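Listed here are the chains, written in short residue letters.
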Amino acid sequence: MSQLVFEQFLNGIQLGMFLFLVSAGLTLVFGFMNIINLAHGSLFMIGAYSIALISGATGSFWIGLILCLPVTALAAFIIEVLIIRPLYTRDHLDQVLATFGLILFINEGTTMLMGRTPQFVDMPEALSGSVTLFGVFSYPLYRLAIIASGIIVAAILWFIITKTRVGMQIRAGTTNREIVQQLGVNIDGLNTAIFLVGAMFAGLAGAMAGPLTSVEVGMGENLLILCFVCIVIGGIGSIRGALFGALTVGIVDTMGRSFLPSILGAFLDPASASGIAAGLSSMSIYLLMVIVLVLKPTGLFPVAGRIS
Amino acid sequence: MISERHLPKLMALGVLVLLLLPLMLNASGSSYLISTATRLVIFAIAAVSLDLLIGYTGLVSFGHAAFLGVGAYTVGILSFHAYEGDTFFGLPGTLSGLIVLPLAVALSALVALAIGALSLRTKGVYFIMITLSFGQMLFFLFVSLEKYGGDDGMMMFDGRITLPGLDLNDRMSFYYFCLACLIAFFWFCRRLVASKFGRTLQAIRQNEARLSSIGIRSYTAKLLIFVIAGAGAGLAGALSANHTEFVSPALTHWTRSGDLMIVVILGGIGTLLGPVLGTIVFLLLEEFLPLILHSVGLDLLSEHWRFVLGPILILIVLFAKSGIYGLLFRSRE
Amino acid sequence: MRTTKLGLLAGLMLSATAAVAEDLKIGMITTLSGPAGYLGADVRDGFMLAIDEEGGTLGGVPVDVLVEDDGLKPENGRAIAERFLERDQVEIMTGIIFSNIAPVVAPLTLRADRFYISPNSGPSQFAGSKCHENYFVASWQNDSLHESAGINANNLGFKNAYILAPNYQAGKDALAGFKRYFNGEIVGETYTQLGQTDYAAEIAKIRAADPEMVFQFLPGGMGINFMKQYDQAGLRDEVPLVLAAPSADINILRAVGEAMVGVANTSHWNHDLDNEANKAFVASFAEKYDRLPTVYASQGYDTARLIASALKATGGKVTEDMDGFREALRAADFDSVRGPFRFNSNNHPVQNWYSRIVVEEDGEFRNKTTGIVAEDHADAYVGDCNL
């Protein structure tokens, strides 16, 4: 039993790390640029379709993984210049409507180009199979690779934000945009750069998800909602918050799915326990967010002094 | 652009058009469109109620479809028990509109009171997300109501609710009933936003901090408007259930809350009339864009009409500062 | 206000331009958008193929098929249905893919005294107490998909099973259907979330329960996610899967790839079924659309051919001769691509269910028919229907 608990905990961390890959870009764009980009999930989908196409054509997962980054960045660049840039000074609501329109456009365009059937992404040979962890249970190598890429992305972001000049500008901009602008920072360039970096993380996550999930139109939207939950629990604009929020969501969701049925089974008959547990575990992360926000109305790691 | 001075006249004209609409549709042999018009009217009630929050109080609720669901399920569950002839917690089911509709509105208001009381502790984006959460929780609650069809939803086998002297199963009567609800609710909202309470709300939207510094308790005002908006959406939900004679959790899905937000923003927030226009444009595009594209020979795009709708929405955002309302009307000041 | 008038104008214009041809009108309300869009597209393509083969007619009667996308919204389904029934005067309604659109469209159609012929979903209520003389299901009653999987599991000699499905009505019906015929023990029963992408937790639980087999009904993308991850976890060879047809259609095989090879499943149709009608269908579908047909395409095709057989019998009369057309439909006098097929007293199919196994042939993943699991299988609700 304790072995299963540990394995499920690890599964939770793995899910959390995956959510972090997508949330990191979202929280950067939201926190620094003050832009609500609903089409962040579409960038995730573009990453996944890119790897399906490129690795299908070249036969190599790795070429696909590397090339999906510039492809997503290019898509993001077009979106930023044409649609996001005119919206910097506009209300959040206008951004919601415009990026909603963008989702419709990208989803339907993808359907027209790629058809309605889900795409195939092959598992890379080097990462297929399982390893035995702690001499007790076997764990899929690919899931460990997702955890590793989450850690790498977190480390890169931590380095950029705390150790570089750009990072300082980002931190300052997240707290107060006007002051940074008055200090003569090229804010337009910085905006574009951050949007591209955020998009590339989403694309990377989409590509990493390819071998494990169904690559299909609309794959980004449900994930987007989950990622908003992560960054809001953590506190918008905070990378540390996004990491913490994503891990919390991953662990709560996984543990709920794993153990609620048996816990409820102690009180109820198995059939209704299973149904109620499934309902409750679907609600669990939303319940978590409500509890966090009622107790801490600006998330767990609010960016100090941020005017939201 | 038209000056806002002409607004009252134009609105009277609009009401006249809406009143004559079924007659004109009947005369032109397209009475099936009355059903589409009814759907627009019902959706407009929900959109207007959301505008009270987004436009007048600055509260962006991303869970407004939850109240549609509460209203619809009230109707659906009572109809279900009336059909089965059994009881619900000891109470019999009923189709009597005089009981069902007030109950649907009251229950929605009650749920809004509970959700609002907790959600209003947060602000801005956090408010968006906490209302989304409540909406999702209600969605999953409805999905797990196995007795009432779960995810598949339930049909109202006995047809629509009954009202004395009015046969709601008749398409014309039902349209006029829904229209009466819209006009009454719209009129109520206009009076509300023009009242002292309405000015308090506007002040909250513009500068909440200042308001609390002069001792006005914004929390109570916000909670009250949240409850009123929830009740309005509950009414729309109850009507919607009667319109399709079918209730399912799809009504409370987050994409439905999203659609509501979209029509309010598209129409122009803080105008009440805007959301009505937004509803008309959005739902008509959704229904007729494929047909229009087909009739001009763009068959590929007719099947993929969202590929056209997306850019239309983006262009409206980029070039119309306050939605469709802003395109049509020139502000008085 | 101006917009109101515009909307009205648009409506008037559209009604004025409605086709005036005398062709028999068939309304097809189907799901073309979103991840499940290929189901509707395949039903439509199969249906249209049957008409093309006859040069624009069905049973020698010129037909005009109106196709619209319900976007999986019940309200859209209702709006389209009313337009079809009133403006276009369609005499036959078909195309519905999902069980949450059918309860809106079917009653409207039946109340208007037209025929409703489902090419895909067959919800239990319409098979039992709510059955109707003008409501036909040409494909299957929902539960049969899973009942056949339960029988297949018995035949394969499994003594216990772990079963999982999403926490919604179709999922609950699926597990109930499987259990209705499976004689072994259920060692674990899990309801997953709708639209779930990560199945690590469920897979760990399956491993811990150590069952002889797993039955899952996770439609569409959810099933693809599960299968990829199940294989990744190395469980495919340890704990075999027994699936129902929707979890192993050719699009899913293509998306999951090698990880599906060897998986047992059941269906009422397969591309390799040895009958003349089927051979001709598979060949002409592949020729017209340049791909192998899915089971949904076969259902669309069979629905069209069922209608053709009835139209031929009545000489094109549908609503003018309700009794005649109904009797002709009930006779199902055509060579179905699925082999033997007839209607039960509740207008739902009595048909064979075949066991299949996923194989790799010429670099493509396909189902191979291995035998019959249930002959002349009827649904469980026919007793509740008093037709």
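The structure under discussion appears in the preceding block.
Residue numbering note: each chain is counted from 1, following its sequence as written. By the order in which they are written, chains take letters starting at A while ligands take numbers starting at 1. Where local features are concerned, this predicted model is filtered to residues with pLDDT of at least 70; where side-chain atom pairs are given and counted, the filter is 80 or more; whole-chain, interface and lining totals use all residues.

To continue, consider the overall build of chain C. Per the convention used, a helix needs a DSSP run of H or I reaching at least four residues, while a strand needs a run of E reaching at least two, with both numbered from the N terminus. Helices and strands together make up the secondary structure of chain C, namely 13 helices and 14 strands. On C-alpha atoms alone, chain C measures out to a radius of gyration of 21 Å, which is about the 21 Å that the 2.2 N^0.38 rule sets for 387 residues. When the backbone C-alpha atoms are referred to their principal axes, chain C occupies close to 65 × 55 × 45 Å. By residue count, 63% of the 387 residues in chain C fall in the buried class. Excluding contacts between residues fewer than 6 apart, the proportion of contacts in chain C whose partners are at least 24 apart in sequence is 71%. In this description the radius of gyration comes from C-alpha coordinates, and the expected globular size is given by 2.2 Å times residues to the power 0.38. With C-beta atoms placed from the backbone, a residue is buried if 20 or more other C-beta atoms are within 10 Å of its own, exposed if 12 or fewer are, and partly exposed between those counts. Contact between two residues is assigned when their C-beta atoms, built from the backbone, lie within 7 Å.

This part covers the overall build of chain A. Counting its secondary structure elements, chain A contains 11 helices and two strands. The linear arrangement of helices and strands in chain A, starting from the amino end, is α-α-α-α-β-β-α-α-α-α-α-α-α. Over its C-alpha trace chain A gives a radius of gyration of 20 Å, about what one expects of a compact globule, namely 19 Å for 308 residues. If one aligns the C-alpha atoms of chain A with their principal axes, the spans along those axes are about 65 × 50 × 35 Å. Out of the 308 residues in chain A, the part that is buried amounts to 58%. Considering only intrachain contacts with a sequence separation of at least 6, the fraction spanning at least 24 residues in chain A is 75%.

Reports often express the size of an interface as the amount of accessible area lost when the parts come together. Facing the 37 residues of chain A at the interface are 32 residues of chain C. Elements supplying a minimum of two residues to the side of chain A that touches chain C: α1 (2-33), β2 (137-140), α5 (141-163), α10 (239-265) and α11 (270-295) of chain A. Ten residues, namely Ala, Val, Leu, Ile, Met, Phe, Trp, Tyr, Cys and Pro, are considered nonpolar, four, namely Asp, Glu, Lys and Arg, are considered charged, and the remaining ones, Gly among them, are considered polar. Here the side of chain A that touches chain C is built from residues that sort into 12 nonpolar, 19 polar and six charged.

Residue and element names in this part refer to chain B. With respect to the helices, strands and loops of the structure, Ile45 is situated in helix α2 (residues 33-57). Overall, Ile45 belongs to the buried group, with 30 C-beta atoms counted inside 10 Å. Taking the C-alpha atoms as reference points, Ile45 and Ala184, separated by 139 residues in sequence, lie 9.8 Å from one another. Those residues in contact with Ile45 that lie beyond four places of it in its chain are Cys181, Leu182, Phe185, Gly232, Leu235 and Ala236.

Residue and element names in this part refer to chain C. Spatially, six strands are ordered β2-β3-β1-β4-β5-β6 in an open sheet, and the strand pairing comes out mixed. This sheet does not close on itself; its edge strands, each paired only once, are β2 (57-58) and β6 (135-137). As paired strands, strand β5 (residues 115-118) and β6 are joined by three bridges and run parallel to one another. Bridging across to β6, Ile117 finds its partner in Phe136. Lines fitted to the C-alpha atoms define the axes, with helices restricted to the stretch that makes contact. Angles between their N-to-C directions range from 0 to 180 degrees. Running at roughly 150 degrees to β5, helix α4 (residues 102-111) makes contact with β1 (24-30), β4 (92-94), β5 and β6 of the sheet. In this scheme, strands are said to pair when DSSP sees at least two bridges between them.

Here the focus is the packing of α2(B) against helix α11 (residues 273-295) of chain B. Residue and element names in this part refer to chain B. α11 packs onto α2 with a crossing angle of 135 degrees between their chain directions and a minimal axis gap of 8 Å. By the criterion of interaxial angle, the relationship of α2 to α11 is oblique. In terms of crossing hand, the pair formed by α2 and α11 is right-handed. Contact with α2, carried on its side by Thr36, Arg39, Leu40, Phe43, Ala44, Ala47, Val48, Leu50 and Asp51, involves Pro275, Val276, Gly278, Thr279, Ile280, Leu283 and Glu287 of α11 and no other residues of that element. Of the residues that constitute the contact of α2 with α11, the class distribution is 10 nonpolar, three polar and three charged. Convention used here: angles under 35 degrees read as roughly parallel, angles over 145 as roughly antiparallel, angles from 65 to 115 as roughly perpendicular, and any remaining angle as oblique. When the near helix sits turned anticlockwise from the far one by under a right angle, the crossing is termed left-handed; a clockwise turn instead gives a right-handed crossing.

Time to look at the interface of chain B and chain A. In this assembly, 35 residues from chain B lie in contact with 37 residues from chain A. Listed by contribution, the elements that provide at least two residues to the side of chain B that touches chain A are α5 (124-143), α10 (254-267) and α13 (306-319) of chain B. The element that contributes the greatest number of residues to the side of chain B that touches chain A is α5(B), accounting for 11 residues. Residues of the side of chain B that touches chain A, tallied by class, amount to 23 nonpolar, eight polar and four charged.

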